[in-house]
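Structure assessment
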Amino acid sequence: MLGRDAELAVLRSVLDEVDRHGAAIALHGEVGIGKTTLVEEVRRTAAAAGFRVLTCSGVQSETRVGLAGLHQLLHVVVDRVDALPEQQRAALRSAFGIGADATPDRLLLSVAVLGLLEEVAQDRPLLLVLEDVQWMDEPTVHMIGFVARRLAETRIVLLATCRTGERDPLEPFGMRQIALSRLPEDVAGELVDGLNPALSREARTRVLAEAEGNPLALVELTRGIEHRGLTDATVLPDRLPLGARLEHLFAGQVGALPPAAGELLLLAAANTESSLAELALAGARLGLGLEQLGPAEDAGLVRSVDRRLEFRHPLIRSAVYGAAPVARRVAAHRALAEALADDPVRAAWHRAAATVGRDETVAADLETAAGRDRARGGVGPAVRSLERAADLSPDPAQRARRLSLAAAAARQAGLTSAVDRLVDAAARLVDDPAVHAELALTRDTMALHANLPLRGVLEAVAIGRAAAGIDLDAGATLLIMTSIRCETEGVPAATRAHVERAVLALGLPVTDLRMVMALTALDPAAYADRVLPVLRATTAHLGALPPPAAMGLSNVAELVHEWEFAELGWASAADASQRAGAVADHAMSLCRLALTRLVSGRLAEALADADQAGRLARDLDLPTVAGHTAAIGARVHAWRGEFARAASLLEQCRSLVAVPLAEITAARHWAAGLTALGEGRHRDGLRELEALAVHPETALLAVGDLVEAACRAKDTTRVAPLLDEAEARARAFDSPLVWMLVHRAHGLVAEQPEQHFKRALADPGTAAHPLEVARTRLVLGEWLRRQRRIGEAREELAAAARAFDVAGARPWAERARTELRATGLAVPRRAESPLAQLTSQELQIARLAAKGFTNKEIADQLFLSHRTVSSHLYRIFPKLGINSRAELRFL
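Residues numbered from 1 in each chain as written. Predicted model: local features only at pLDDT ≥ 70, side-chain atom pairs only at ≥ 80, totals over all residues. Heavy atoms only, no water.

**Points about the overall build of the protein chain**
Basically, it comes down to this: Each helix is a run of DSSP H or I of at least 4 residues and each strand a run of E of at least 2, with the numbering of both proceeding from the N terminus. Residues are treated as being in contact if the distance between any of their heavy atoms lies within 4.5 Å. In these tables, accessible area is a Shrake-Rupley quantity obtained with a 1.4 Å probe, and a residue counts as shielded only by the protein chains included in the view. This count recognises Lys and Arg as positive and Asp and Glu as negative, with His and chain-terminal groups excluded. In this description, the location of a charge corresponds to atom NZ of lysine, CZ of arginine, CG of aspartate or CD of glutamate.
The number of helices and strands found in the protein chain is 46 helices and 7 strands. When its C-alpha atoms are laid out on the principal axes, the protein chain stretches across 105 × 65 × 50 Å. Relative to all contacts within the protein chain whose residues are 6 or more apart in sequence, the contacts with residues 24 or more apart total 68%. Only carbon and sulfur atoms are counted for the fraction: they give 52% of the accessible area of the protein chain, which is about 36,000 Å². Both charge centroids of the protein chain, one from 103 positive and one from 113 negative side chains, sit 4 Å from each other.

**Here we look at the pairing of strand E6 (residues 302-305)**
How we decide: Think of it this way: DSSP has to see at least two bridges between two strands before they count as a pair.
Of the pairings in the sheet, the one linking E6 to strand E7 (residues 308-311) comprises 4 bridges and is antiparallel in character. In the sheet register, Val305 faces E7, and the bridge partner there is Arg308. With antiparallel pairing between neighbouring strands as the criterion, E6 and E7 make up a hairpin whose turn holds 2 residues, including Asp306 at a positive phi of roughly 50 degrees.

**Considerations on the confidence of the model for the protein chain**
Heads up, the condition is: Per-residue confidence from the predictor is reported as pLDDT, which spans 0 to 100.
Looking at the protein chain, pLDDT values average 89 and 95% of them are 70 or higher. When the criterion is pLDDT under 50, residues 229-240 qualifies, and its contacts beyond four places in sequence or with other chains add up to 18 contacts.

**Some thoughts on helix H24 (residues 472-489)**
Where we set the bar: Expected span of a helix, by definition, is 1.5 Å for each gap between consecutive residues, and there is one gap fewer than residues. Counted as a polar contact is a pair of N or O atoms within 3.5 Å, where, for protein atoms, one must be capable of donating a hydrogen and the other of accepting one, and residues adjacent in sequence contribute only when both atoms are in side chains.
Under the 1.5 Å per step criterion, the end-to-end length of H24 is 25 Å for 18 residues, consistent within 8% with the ideal 26 Å. Measuring from the backbone nitrogen of Asp473 back to the side-chain oxygen at the start of H24 gives 3.2 Å, which picks out Asp471 as the cap. In the stretch just after H24, Gly490 is the one whose phi turns positive, near 70 degrees.

**What about the side chain of Asn451?**
Formally: Think of it in three bands: residues with accessible area under 20% of the maximum for their type are buried, residues over 50% are exposed, and the middle band is partly exposed, with areas taken using a 1.4 Å probe on protein chains only.
By the element assignment, Asn451 lies in the loop between helix H22 (433-450) and helix H23 (457-468). For Asn451, a relative accessible area of 7% gives the class buried. Separated by 2.7 Å, the side chain of Asn451 and the backbone nitrogen of Ala658 make a polar contact. Polar side-chain contacts of Asn451 include one of 2.8 Å to the backbone oxygen of Val659. Apart from the residues lying within four places of it in its own chain, the contact partners of Asn451 are Pro623, Thr624, Leu656, Val657, Ala658, Val659 and Leu661.

**Quick look at the packing of aromatic side chains**
Here is the rule: Here a pair means two rings of Phe, Tyr or Trp (six-membered ring of Trp) with centres within 6.5 Å. Their orientation is stacked below 30 degrees between planes, edge-to-face above 60, and tilted elsewhere. Any Lys NZ or Arg CZ found within 6 Å of a ring centre and within 35 degrees of that ring's normal is scored as a charge over the ring.
Going through the model one piece at a time under the given rule, you end up with 2 aromatic pairs. Here Trp639 and Trp812 contribute two aromatic rings whose centre-to-centre distance is 5.6 Å and whose plane-to-plane angle is 50 degrees, an arrangement assigned as tilted. Placement of Trp639 in helix H32 (residues 623-639) and of Trp812 in helix H43 (residues 810-822) is noted, with a sequence separation of 173 residues between them. By relative accessible area, Trp812 is classed as buried at 3%. Residues Phe804 and Trp812 carry aromatic rings whose centres are separated by 6.4 Å and whose planes lie at 40 degrees to one another, so their mutual orientation is tilted. Grouping residues by exposure puts Phe804 and Trp812 together as buried. The residue whose ring lies beneath Arg384 is Trp349, and the NZ or CZ to ring-centre distance is 4.4 Å. Directly above the ring of Trp812 sits Arg775, whose terminal nitrogen or CZ lies 4.1 Å from the centroid.

**Let's talk about the sheet that holds strand E1 (residues 23-29)**
Quick reminder of the rule: Every axis in this analysis is a line fitted to C-alpha atoms, fitted for helices over the stretch in contact. Angles between the N-to-C directions lie between 0 and 180 degrees.
Spatially, E2-E3-E4-E1-E5 is the arrangement adopted by the 5 strands of the open sheet, whose pairing is parallel. Each having just a single partner strand, strand E2 (52-57) and strand E5 (176-179) make up the two edges of the open sheet. Taken over all neighbouring pairs, the strand axes of this sheet differ in orientation by 20 degrees on average, direction set aside. Pairing between E2 and strand E3 (residues 126-131): 6 bridges, direction parallel. By the bridge assignment, Leu54 is partnered in E3 with Leu128.

**A look at the packing of helix H44 (residues 840-850) against helix H46 (residues 866-880)**
Cut-off, in case you're wondering: Oblique is the label for any angle not covered by the other classes, which are roughly parallel (under 35 degrees), roughly antiparallel (over 145) and roughly perpendicular (65 to 115). Residues are sorted three ways: Asp, Glu, Lys and Arg are charged, Ala, Val, Leu, Ile, Met, Phe, Trp, Tyr, Cys and Pro are nonpolar, and all the rest, Gly among them, are polar.
The N-to-C vectors of H44 and H46 enclose an angle of 90 degrees; their axes lie 10 Å apart at closest approach. It follows from the interaxial angle that H44 and H46 lie roughly perpendicular. When H44 is examined against H46, the residues Gln841, Glu842, Ile845, Ala846 and Ala849 are found in contact with a partner set consisting of Val869, His872, Leu873, Arg875, Ile876 and Lys879. Looking at the contact of H44 with H46 residue by residue, the classes come out as 6 nonpolar, 2 polar and 3 charged.

**Topic: helix H37 (residues 703-712)**
Of all 10 residues that make up H37, 8 are buried, and the element is covered over most of its length. Taken together, the buried positions of H37 are occupied by Val703, Gly704, Asp705, Leu706, Val707, Glu708, Ala709 and Ala710.

**Points about the pattern of salt bridges**
A pair can form between side chains of opposite charge whenever their charged atoms are brought close. For clarity, the cut-off: Salt-bridge detection follows one rule: a side-chain nitrogen of Lys or Arg within 4 Å of a carboxyl oxygen of Asp or Glu.
Applying the stated criterion across every chain, the model contains 70 salt bridges. Measuring nitrogen to oxygen at the nearest pair gives 3.1 Å for the salt bridge that ties Arg514 to Asp473. In this pair, Arg514 is assigned in helix H26 (residues 513-522) and Asp473 in helix H24, connecting sequence segments 41 residues apart. For Arg514, a relative accessible area of 27% translates into the label partly exposed. Here Glu697 ties to Arg729 by a salt bridge, and the two come within 1.9 Å at their closest N and O atoms.

**What to know about the packing of helix H25 (residues 493-504) against H26**
The line we're drawing: Definitions for this section: a left-handed crossing has its near helix turned counterclockwise from the far helix by less than a right angle. A right-handed crossing has that turn clockwise.
One can describe the packing of H25 onto H26 by two numbers: an axis separation of 10 Å at closest approach and a directional angle of 160 degrees. For the element pair H25 / H26, the angle class is roughly antiparallel. Regarding H25 and H26, the two cross each other, and that crossing is left-handed. Facing H25, whose interface residues are Arg496, Val499, Glu500, Val503 and Leu504, H26 presents Met515, Ala518, Leu519, Ala521 and Leu522. Partitioning the contact of H25 with H26 into residue classes produces 8 nonpolar, no polar and 2 charged.

**Section: the nonpolar core**
One broad rule of soluble globular proteins: the nonpolar side chains tend to lie buried together. Convention followed: Only buried residues count toward a nonpolar core, which is a set of Ala, Val, Leu, Ile, Met, Phe, Trp, Tyr and Cys residues joined through side-chain atoms within 4.5 Å.
Counting 158 residues, the largest nonpolar core has Leu74, Leu130, Leu158 and Phe804 as the members making the most contacts within it. Looking at which element gives the most residues to this core, the answer is helix H5 (residues 106-121), with 11 residues. Not counting residues up to four positions away in its chain, the partners in contact with Leu74 are Leu54, Phe96, Val113, Leu116 and Leu117. Counting 50 residues, the second-largest nonpolar core is a separate cluster that includes Leu199, Ala203, Leu216 and Leu264.

Written out as structure tokens, the structure reads:
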């Protein structure tokens, strides 16, 4: 290929390597630089090598609808969907309109797309060609990014093109980049000479100067000279960018066609799909037939391929549409709307494009189309439909309502900038306090999940109070959200009291779940005695609660230190959200479940949940959840003595959560403090643990660590007031875990500690927290040894060592064994389970496989493709020294 040999060689080498690993490549360059020509050559090479090739193209259109790129890419292989796991199969069938509406989550749909592509690639290697990604719908772009990051172990090559100067939607996905530059003058001259050897010197010089090394410009200008003469071909406005000059040139070629061919090209340019059948239907409504396309095909402007009409270059489509007067565009869109009567969403968009001014009927159609988009998992497209519906709405109140709905859909889709823009637009239209409360809730929820700056709490309270007088539910919902923010952000007591007065003024019964959540978040100790009976009465039917209720009560249970209830509740919410395919809720539930399991001392399970929650949160762009899971994972690694990994996760947490949130800040300091304690940096540990004061409930759980760090750093001057406060809170919650931690802390600083340690171990309820029991037995054993009560010391230390070994808390187990050796008793290190060799994800897969789950069932549980599950099992068996999944049951 003239001037592109190096780039072509790179792409051919990627194709040659496909049996060893897949790849994703982004091809960048300005309009006309040769991206399409290079892609065509790669496509031919791949087809000759036995690849299956799937393609889709972005289209610059005012009628672009959701998931259009996905449909174009996969429509020829969607018949393979039945090979996918159940949830993934349902998601894709819903997205393609060939199954029940399932409202699949974006991530679930992305996993399904990857699974389908992996399934197709089992037959032969697969090349995915995605052209003009800058014009693709956002859901398709997200799926491209998701797939691109997961091709290493597949036989799939993804080649995407993106125009330089446009937004680059591929930038976040870390794809390998190839940038095409303009041709050097000697290569450009060689290209012109090959096209028209008879070109005069003056004409050749003019073409080279006008084209500026752009291959498409070189070709089209040379052809123009040949067909129409130098003047017609080169008199282009110099002040315009090259792309605009080329578009002007193409418009001239289109203008030379017979009127019927031009009208058919306009219909094709106005449509988002390239179906010849649709073009025939729309053309018939204008009295046109496909046979009248002949002159356009003869001129090389379009070509017919597999029952589709393709423009030779995207600029030709732009030129056709851009040069048409408004009246012709309106007529084209009306004809398309009639032709697409069986596709209500696309028909609605064409009716909207054919509408000049405002029209409530068309706006209502678009709102209905948005509902259909959401039902099929197209939350992003629904935003666009609702925003256009608002533009068409004559009534300002209806316009505001639709913008509010669009903002809520944008929040669900994770479109941060769109949320701000839509909320601001809606807020300017009406003075309705209830609408303003809904908008505030949307923006604040988005900011909390995306870790963006939040509005002031007092401002949110004012909006909620104003709304409650008109719409109690709208005002109450915002005030409850604001109460939860107070706990998460660690706002001052005076501000909490102000919020509490506003919540109580709602007049709802204190047993209302919303009131339980709000008041507990504002002051857990003060409301614990009212909350605890509600939780205990709910335990028996927790699994029957709707997921939002289970999540709300589980959060309340954490705040009042009812950790067994919290674990049951979060497990229930995680299971329900997994079954429903609500991946964002699943990620949040898994994050909290990981925390409860860490509090219970089940380190392996906590790490598995935290790792999965973190993976999902990163895929969904939920930095707050991802940062929290990183802090939880860091504390697990600190317990296990994996200090370098803990430090890495702490850095990840810091980078993800740039806007401080008290709960996550405290979680990060706790993990850093425990790491410092494990490494013997006691003064550093004390400093980190003292920083937990920003979140009192977390600080209460870490009181034993803090006092131990203070004792080992020989700096106990600030311990007494902390212990007094901790004891007061322990009385409010009456939690066996909290009392054990407080009694142990007292024992560490007491002159006669034995009674405190014994009281710490006296409550049978502490058995639910074996690691903290082991920590207590360890310090008791250490004290007994110093008192030369060797037999009793050995009993406590041996029990502690066993518990640490079972949990995998290696530094603490080694500390207990060191103490035992000092008593004259040598205790060998417990043999490590073979399962310790597995990563967290491998451990999850192995455990599910041991329970009898199939690969597809595991894939649905963990939101992975079933081929990925198979690859993991292939690696797990040799690590464990087994040959079949049946042997997993015995490990």
